[in-house]
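Examining the three-dimensional arrangement
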Amino acid sequence: MDGEKKISSAVINRLPRYYRYLGDLLESDITRISSKELSEKMNITASQIRQDLNNFGGFGQQGYGYNVEYLYNEIKKILGLDRVYNLIVVGGGNIGQALVNYTSFEKRGFVITAVFDVNPRLIGMSIRGVEIYDVDMMEDYVKSNKVDVAILTLPRSQAAKAASDLASWGVKGIWNFSHVDLDLPKEVVVENVHLTDSLMTLLYKINEVNNESEMNS
């Protein structure tokens, strides 16, 4: 976005939530909604919603609100969801298999095309029609097929090398479920999903609520 102001990560992180809520509204045959009504559903202030959307042009009309289908489609374009993305999974264990079995990915345009693993018991298996290949075949596959994102579900001891290899073969997006921080070239975008970190954050918040309740009792 040369020459334009940089959009904050907080705004970008809220866009998928807008997209999800607008999709729910469409399914309920709601054609328009005000920022106030949307704020009540999403538990975000109406002014925050207007500020967020103004980063991309606004989309609303005074006295009318937002056309739900139009706004949904515009956010879809902003998120890049108006095309299909090819994904591979590196690590065919429990998490990797669960991700392949998650059918909502395909509804959003994310198609998992292959899984790679070192375990001979898994190689040759098929999950919902997606084959598990020997990891030794991964380089040829990535260089011969369009791979937008690689999903890493490997043990931390293997993740760094796999990510480095994928980057060198031209993969620009890594969705990292491995519990390790990756050091990759800046043109490779990494989104970390540290499940234990998320769980520990949840537990901290539970304890915080419990402590407040005890103090107020």
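Residues numbered from 1 in each chain as written. Predicted model: local features only at pLDDT ≥ 70, side-chain atom pairs only at ≥ 80, totals over all residues. Heavy atoms only, no water.

As a further point, take the side chain of D52. Here D52 is to be found in helix α3 (residues 46-54). On the basis of relative accessibility, which here comes to 1%, the residue D52 falls in the buried class. Reaching out from D52, the side chain makes a polar contact with the side chain of Y18 at a distance of 2.6 Å. If we skip the residues at most four places from it in the chain, D52 touches V11, R14 and Y18. (Helix = DSSP H or I, 4+ residues; strand = E, 2+ residues; numbered from the N terminus. Buried < 20%, exposed > 50% of the residue type's maximum accessible area, 1.4 Å probe, protein only. Polar contact = N/O pair within 3.5 Å; in protein donor to acceptor, adjacent residues only side chain to side chain. Contact = heavy atoms within 4.5 Å.)

Next up on the list: the sheet that holds strand β5 (residues 126-127). What the 7 strands build is an open sheet, ordered β5-β6-β4-β3-β7-β8-β9; its pairing is mixed. Sheet topology places β5 and β9 (189-192) at the edges, where each strand pairs with a single neighbour. Across 3 bridges, strand β4 (residues 110-117) lies against strand β6 (residues 130-134) in parallel orientation. What sits directly across from V115, in β6, is I132. (Pairing = 2+ DSSP bridges.)

Here we come to the nonpolar core. Ranked by internal contacts, the top residues of the largest apolar core, which has 23 residues, are I88, M138, V142, L152, L166 and I174. Secondary-structure elements contributing two or more residues to this core are β3 (85-90), β4, α7 (138-144), β7 (149-152) and α8 (156-168). For this core, the element with the most residues is α8, which contributes 5 residues. The residues touching L152, leaving out its near neighbours within four places in the chain, are V90, A159, A162, A163, L166, I174, W175, N176, F177, S178 and L182. (Core = buried A, V, L, I, M, F, W, Y, C linked by side-chain atoms within 4.5 Å.)

Should their charged atoms come close, side chains of opposite charge can pair. Per the counting criterion, the structure on display carries 8 salt bridges. Residue D52 is joined to R14 by a salt bridge in which the shortest nitrogen-to-oxygen separation is 2.7 Å. Highlighted residues: D52 in helix α3 and R14 in helix α1 (residues 9-27), separated in sequence by 38 residues. Owing to a relative accessible area of 22%, R14 belongs among the partly exposed residues under this scheme. The closest approach of N and O atoms between K77 and E74, which form a salt bridge, is 3.3 Å. With a gap of 3 residues between them, K77 and E74 both fall in helix α4 (residues 68-78), about one helical turn apart. (Salt bridge = Lys/Arg side-chain N within 4 Å of Asp/Glu carboxyl O.)

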